[in-house]
Amino acid sequence: MSVHYRTCPLCEAMCGLEVHVEGEQVQLIRPDRDDVWSKGYICPKGTTLGHLHHDPDRLRVPMVRDGDDWREVGWDEAFARCEDLLHGVLGRYGKDALTCYIGNPTAHNFSLSRYVGLYIGLAQHPVVYSAGTVDQWPKNLSCMLMYGQMWWIPAPDIRRTHYWLVLGGNPQASQGSLLACPDILGEIERIRARGGKTVVVDPRRTGTADKADEWVPIVPGTDAAFLLAVCNVLFDDGAVDLGDVADLVAGLDDVRAIASQFPPERVAAACRIPAETIRRIARELAAAPRAAVYGRIGTCNQEFGTLASWLVDVVNILSGNFDRPGGLMFGNPIAWGVSSLPDPQWANGVEIGRWRSRVRGAPEVLGQVPVSCLAEEIATPGPGQVRGLVTIAGNPVISAPDAGLLDDALATLECMISVDNYLNETTRHSHVILPGLSALEQPHFDDLITMWASRSAGNFSPAIFPVASSPGGRPAEWEILTRLGALCAGMKNVDVDVSAFDDGYFTALCEAKGIDPSVALARYDAGGPERLLDLQIRTGPFGDRYGERAGLSLQDFRDNPHGIDMGPMVPRVRELLNTPSGMIELAPPYITADVERLASRLDRSDGGLLLVSRRHLRSNNSWMHNVKVLVKGKDRCTLLIHPDDARAAGLADGKLARVSSESGSLEVAVEVSDEMMPGVVSLPHGWGHDKPGTRLSVAREHAGVNNNLLAPGRLVDPLSGNAVVNGIPVEVVPA
Ligand SMILES: Nc1nc2c(c(=O)[nH]1)N[C@H]1C(S)=C(S)[C@@H](COP(=O)(O)OP(=O)(O)OC[C@H]3O[C@@H](n4cnc5c(=O)[nH]c(N)nc54)[C@H](O)[C@@H]3O)O[C@H]1N2
Ligand SMILES: Nc1nc2c(c(=O)[nH]1)N[C@H]1C(S)=C(S)[C@@H](COP(=O)(O)OP(=O)(O)OC[C@H]3O[C@@H](n4cnc5c(=O)[nH]c(N)nc54)[C@H](O)[C@@H]3O)O[C@H]1N2
Ligand code: SF4
Ligand SMILES: [Mo]
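If you're wondering where the values come from, they're calculated on a predicted model, not measured in any experiment. (Residues numbered from 1 in each chain as written. Chains lettered and ligands numbered in written order. Predicted model: local features only at pLDDT ≥ 70, side-chain atom pairs only at ≥ 80, totals over all residues. Heavy atoms only, no water.)

**Student:** An account of the packing of aromatic side chains is needed here, citing residue identities and associated values.
**Tutor:** With the rule as written, the count across this model stands at ten aromatic pairs. Ring geometry for tyrosine 147 versus phenylalanine 322: centroids 5.5 Å apart, planes at 15°, classification stacked. Here the residue tyrosine 147 occupies a position in helix α4 (residues 137–147), and phenylalanine 322 occupies one in the loop between α13 (305–318) and β14 (328–329), the gap between them amounting to 175 residues. Each member of the pair tyrosine 147 and phenylalanine 322 is classed as buried. With centroids separated by 5.4 Å and ring planes inclined at 85°, the aromatic side chains of phenylalanine 445 and phenylalanine 557 adopt a geometry described as edge-to-face. Residue phenylalanine 445 is located in the loop between β17 (432–434) and β18 (455–458), and its partner phenylalanine 557 is located in helix α21 (residues 554–559); the two are separated by 112 residues in the primary sequence. For the pair formed by phenylalanine 445 and phenylalanine 557, the shared burial category is buried. Put simply, the rings of Tyr115, Trp478 and Tyr505 touch in pairs and so form one group of aromatic residues. Here the basic side chain of arginine 266 rests over the ring of phenylalanine 262, its NZ or CZ set 4.9 Å away from the ring centre. Sitting over the face of the ring of tyrosine 93, arginine 387 holds its NZ or CZ atom 4.1 Å from the ring centroid. (Phe/Tyr/Trp six-rings, centres within 6.5 Å; stacked < 30°, edge-to-face > 60°. Helix = DSSP H or I, 4+ residues; strand = E, 2+ residues; numbered from the N terminus. Buried < 20%, exposed > 50% of the residue type's maximum accessible area, 1.4 Å probe, protein only. Lys NZ or Arg CZ within 6 Å of the ring centre and 35° of its normal.)

**Student:** Explain the domain arrangement of the chain to me, using residue names and the numbers behind them.
**Tutor:** When cut into domains, the chain gives domain 1 (2–54), domain 2 (60–126 + 364–436 + 460–464 + 471–496), domain 3 (154–329), domain 4 (499–560) and domain 5 (606–734). Counting residues at the interface gives twelve residues for domain 2, matched by twelve residues for domain 4. Here domain 2 meets domain 4 over a buried area of about 1200 Å², counting both sides, of which 77% is carbon and sulfur. Summed over the shared surface of domain 2 and domain 4, the result is zero salt bridges. The interface formed by domain 2 and domain 4 holds four residue pairs in polar contact (both at pLDDT 80 or more) in total. Element by element, the count of residues in the side of domain 2 that touches domain 4 is highest for helix α3 (residues 110–123), at six residues. Counted by class, the side of domain 2 that touches domain 4 contains nine nonpolar, two polar and one charged residues. (Domains from an automatic or database assignment. Contact = heavy atoms within 4.5 Å. Buried area = accessible area lost by both parts, 1.4 Å probe. Salt bridge = Lys/Arg side-chain N within 4 Å of Asp/Glu carboxyl O. Polar contact = N/O pair within 3.5 Å; in protein donor to acceptor, adjacent residues only side chain to side chain. Nonpolar A, V, L, I, M, F, W, Y, C, P; charged D, E, K, R; others polar.)

**Student:** Pulling in residues and values, what's your account of the sheet that holds strand β9 (residues 163–167)?
**Tutor:** Pairing is parallel across the open sheet formed by four strands, whose spatial order is β11-β10-β9-β13. Only two strands of the sheet have a single partner each, and these edge strands are β11 (214–216) and β13 (291–295). For this sheet, the mean angle separating the axes of adjacent strands, direction not counted, is 15°. Packing against the sheet, helix α8 (residues 223–236) makes contact with β9, β10 (197–201) and β13, and its axis sits at approximately 150° to β9. (Pairing = 2+ DSSP bridges. Axes fitted to C-alpha atoms, helices over the stretch in contact; angles between N-to-C directions.)

**Student:** So what's going on with the side chain of asparagine 140? Residues and values would help.
**Tutor:** With respect to the helices, strands and loops of the structure, asparagine 140 is situated in helix α4. Within the structure, asparagine 140 has its side chain in polar contact with the backbone oxygen of methionine 150 (distance 2.8 Å). In this structure asparagine 140 touches Met150, Trp151, Ile153 and Leu366, once residues within four positions along its chain are discounted.

**Student:** An account of the site of ligand 1 is requested, with residue identities and associated values reported.
**Tutor:** Around ligand 1, the surrounding shell holds 30 residues, and the nearest of these are Tyr101, Asn104, Asp420, Glu477 and Ser622. The separation between an oxygen atom of ligand 1 and a polar side-chain atom of tyrosine 101 is 2.7 Å. One nitrogen or oxygen atom from the main chain of valine 419 is found 3.1 Å from a nitrogen atom belonging to ligand 1. Relative to its unbound accessible surface of 920 Å², ligand 1 loses 97% to contact with the protein. Of the residues that constitute the shell around ligand 1, the class distribution is twelve nonpolar, 14 polar and four charged. If you count residues domain by domain, the shell around ligand 1 takes at least three from each of domain 2 (60–126 + 364–436 + 460–464 + 471–496) and domain 5 (606–734). (Near = heavy atom within 4 Å. Areas by Shrake-Rupley, 256 points an atom, 1.4 Å probe, with all protein chains shown as cover.)

**Student:** For the packing of helix α17 (residues 477–488) against helix α18 (residues 498–512), give the residues involved together with the corresponding values.
**Tutor:** Where α17 contacts α18, the two axes come as close as 10 Å, and the packing angle between them is 95°. Between α17 and α18, the angle falls in the class roughly perpendicular. The residues of α18 that touch α17, namely those facing Trp478, Glu479, Thr482, Arg483 and Ala486, are Val498, Phe501 and Asp502. Looking at the contact of α17 with α18 residue by residue, the class counts come to four nonpolar, one polar and three charged. (Parallel < 35°, antiparallel > 145°, perpendicular 65-115°, else oblique.)

**Student:** I'd like a description of the site of ligand 2, backed by residues and values.
**Tutor:** Around ligand 2 there are 32 residues in total, and Ser174, Asp202, Asp223, Ser619 and Asn621 lie nearest to it. In the environment of ligand 2, an oxygen atom lies 2.8 Å from a nitrogen or oxygen atom belonging to the backbone of glycine 221. In isolation ligand 2 has 920 Å² of accessible area, and contact with the protein removes 97% of it. Residues that form the shell around ligand 2 fall into these classes: nine nonpolar, 16 polar and seven charged. Here the shell around ligand 2 spans two domains, since at least three of its residues come from each of domain 3 (154–329) and domain 5 (606–734).

**Student:** Explain the sheet that holds strand β2 (residues 16–22) to me, using residue names and the numbers behind them.
**Tutor:** Consider a sheet: its strands pair through backbone hydrogen bonds, and that pairing is either parallel or antiparallel. Read across the sheet, three strands follow the order β1-β2-β3 without closing on themselves; strand pairing throughout is antiparallel. With one partner strand each, in any of the chains shown, β1 (2–7) and β3 (25–31) form the two edges of the open sheet. On average, adjacent strands in this sheet sit at an angle of 30° to one another, irrespective of strand direction. Taken together, the six bridges between β2 and β3 define a ladder with antiparallel strand orientation. In the sheet register, leucine 17 faces β3, and the bridge partner there is proline 31.

**Student:** Let's hear about the pairing of β2: which residues, and what values?
**Tutor:** In terms of burial, β2 is a largely internal element, six of the seven residues being buried. Taken together, the six bridges between β1 and β2 define a ladder with antiparallel strand orientation. Bridge assignment links serine 2 to a residue of β2, and that residue is valine 21. Hairpin geometry of β2 and β3 is characterised by an intervening segment of two residues between the two adjacent antiparallel strands and by a positive phi of about 60° at glycine 23.

If you want it as C-alpha cells, here you go:
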C-alpha cells in the first residue's frame, strides 16, 4: 500500500487529498489533514477520483466513428483521421468553417489550462466559443472595463471579513466560485464567531442561506436594482468612503448621479425586498469594520449580468472595502498563469463589437460571442457556415441554451473532434474522440483559480499512475492540443513538431517575464506543463528568478507534499491596474448606458413563474453522474416549487409537472418546498443523460432532464452576450 498526497482538481476549493493505492488500485481517498491550504477539508466528490480513474466507461484509447459504429484506434490512426477531417473542411470551405468550444474542466486540468492558449494561438479560428458565456463573461467584462484586466477578478477576503453579503452564489453546493477558499460554510461560522454576519440574497433558501445569519429572497434578475439602491443609501447617508483607493477612483460623480435615481422605495417592488431591508443592509455594510460583497453565477447568468457584476465591485469600493484585508481583494498566486498577463490587444482600452456573428449579428465581446450562436452558425447555410468543430472538455449539448437545437446541429457537422474522457451527449456526434488522462494519471498544480484564492498557497501533485508519453504511448492533453492546433492551421501530421512548438511557447513566456530563454531552456531535460510550471513559480512573486534571488522553484513543492503557504491576500490594485487612464473606472460608459434598460425593467411585472438553476454538492456540471456513489439515493433532478405555487398549479410533491418556456418543454417530478420564494421555480443543470449512443452506464440510469431545453438562446445579457439561464419565464402544469 502506498500513500500519495494530491490536490483535488474538481473545483475551486482545491482540497488536499490522501490517496491510498495498492498496486494499480485506489483503495481509499481521505482528506489530507496536513495540507497547508485545506487542512483536512474535503467534500464527497474528492473521495471519488478513484471511481473516475477506474470507471470502465472512461475512454482510454482514441475512438473513431464510422456511421453509428465506434472503433478503438491507435493514436497515429486517430491523428491521421483528424488531419483528413480538418484538412477536408479547410480545403473545401477555408478556415472560417472551423471553430472550437472550450469547456469548464479546461480551467481545472494541469495540461489543458496551460496549453489551451497555445491551441488557440496555433489554430487561429476566427471565432472561439466557450462555457464562459454561460458563466462569468459579465464579470470578465466589468473587470476589464474597471481595472483593465479580464481575469483579475477580485474576491471577498472572507477569512478576515466581518460582514459578508452573498448574491447568487451557493457555496454549500458549489464550494465557491471566483472565490477559492476551502470550507466556506466553516468561514461563515467563523465570521459569526468574531461578531460578524453573513447575508444571502437568493430566490432560494439555499444550504448557504441556512448557514448564514439572514436570507433575503430576491426576484431573479433584479440584483442590479437592489445594489443601486444600496449605493443610493450609502450616498444619502454620507457613508461613502473610498478608503485606501480614494486617489485611484475615476467616475464617482457619475455613480452618485445614477444611484440618486434608485432609492430603495423605487426598486422594492421589482426585487420584492422591502425598502427598509435594503436600507438596513446598506447601513450594516457601512458600519461593519470590514465588509465584502460577493456575487456569483446567479448575478451573471441573468438579464442584467454585467450591471450586477459591476455593481458588486462598486458597492465594495464605495464602502471603503476594496483592496483591503477583509474586503474585496485580488489573489496573489505563487505561480502566475498565462491569463494573468496583460493582453497586448487591449493596451489602449477595450473595443467591443469589433466584429459580429454571421447569423444573428451578435457583437463580439472580449473575443467571443454567445455560445448560443453556435447552433445557428452550424445550421445556417452560406459563406462562413461552421462545418468543423473541436470540443475541448465541454458538453454543450447539456450546458448551452437551446440545447435541442445544438444537439440537432452537431449531427450535421462534416468534422467534429473532441478532446474528452467520455462518450457523452456531445461527443456522440464526434468523428474522433481523443481522450485525456485521468486526474490520477497526470500531475496537478492549479493555475487560473489561484488568481482569486484567499491565500497564496500552492501544492504540486505528481502523477500517481504516470502514463508514458513516449512515441507510440499515450499523449498528454498538452500534446494533443498542440498537435490539433497545428492541424487546424493546415499543417500535416508529419510536419508537426510538438516539442518545437512547446519550446517556442516557453521562450515567449520567458521573454514576457524578462528571463533569458536560452539560460532557462538549458536547465530542462523535457518540456511540457511541468517546465512551464517551474517558470511560473520561479518568476512569480515568491520565485527565485532562476537564481537571481532567494526564492521558490517547483523543486520546493516536490519537497513539500502538503504544499507551501506564503500568507494571506495582500493589497495589489496599484500593481495590477491596467486601464488606459491608470485609474479604477468606477463608471464605464459602456456599462452605465445600460441603466436605462434596468429602469424600464422596474415597471415590468412578470406575472408567471420564473425558472432558475441550481447545483448540488454531489454533482459537477454534467459529467460526474456516472459515479455510482454520487448519484445513489433520492432523485435530485426535481423542480423545486413553493407550496403556494404548487397549489395554484394543482401539483403535489412527487407528481410529474410539464414545464414549458418559449423554447421548449419537459416533464419532471415536483419537489414542493418553502425553500423557494413564491413565483420562482428551480431545476438543477447538468442532467439529461437519456440520449442514445452514449457510453454512460450509470448516468443513463439516473438520466434526469436537461434544463437548457427551456433556455432560449436569444436571451442574453446584451452587454456581455452571456446567457440568461436564470429568470426564464415558464409555465408549469400537471403532466
Ligand atoms: N441552465 C444552466 N446552464 C448552465 C449553467 C447553469 O447554472 N444553468 N452553468 C454553466 C456553467 S457555470 C458552466 S461552467 C457550464 C459547463 O459547461 P461545459 O464545460 O460544456 O460542461 P461540463 O458539464 O463541465 O462538461 C465537461 C466535459 O469535459 C469532459 N471532461 C472532464 N474532465 C476532463 C478532462 O480532464 N479532460 C478532458 N479532455 N475532458 C474532461 C467531460 O467528459 C465533459 O464532456 O455549464 C453552464 N450551463
Ligand atoms: N458540486 C458542484 N460544485 C460546482 C459545480 C457543480 O456543478 N457542482 N459547478 C462549478 C461551476 S462551473 C461554477 S461556475 C460554480 C458556480 O457556483 P455558484 O455560483 O455558487 O453556483 P450555484 O450553486 O448554482 O448557485 C447559484 C445561486 O444563484 C441563485 N440565483 C439564480 N438566479 C438568481 C438571481 O437572479 N439573483 C440572485 N441573487 N440569485 C440567483 C440560485 O438560486 C442559486 O442558489 O460552481 C462550481 N462548483
Ligand atoms: S470541495 Fe470537493 S470537489 Fe471541490 S476540491 Fe474539495 S474535494 Fe474536490
Ligand atoms: Mo462554471
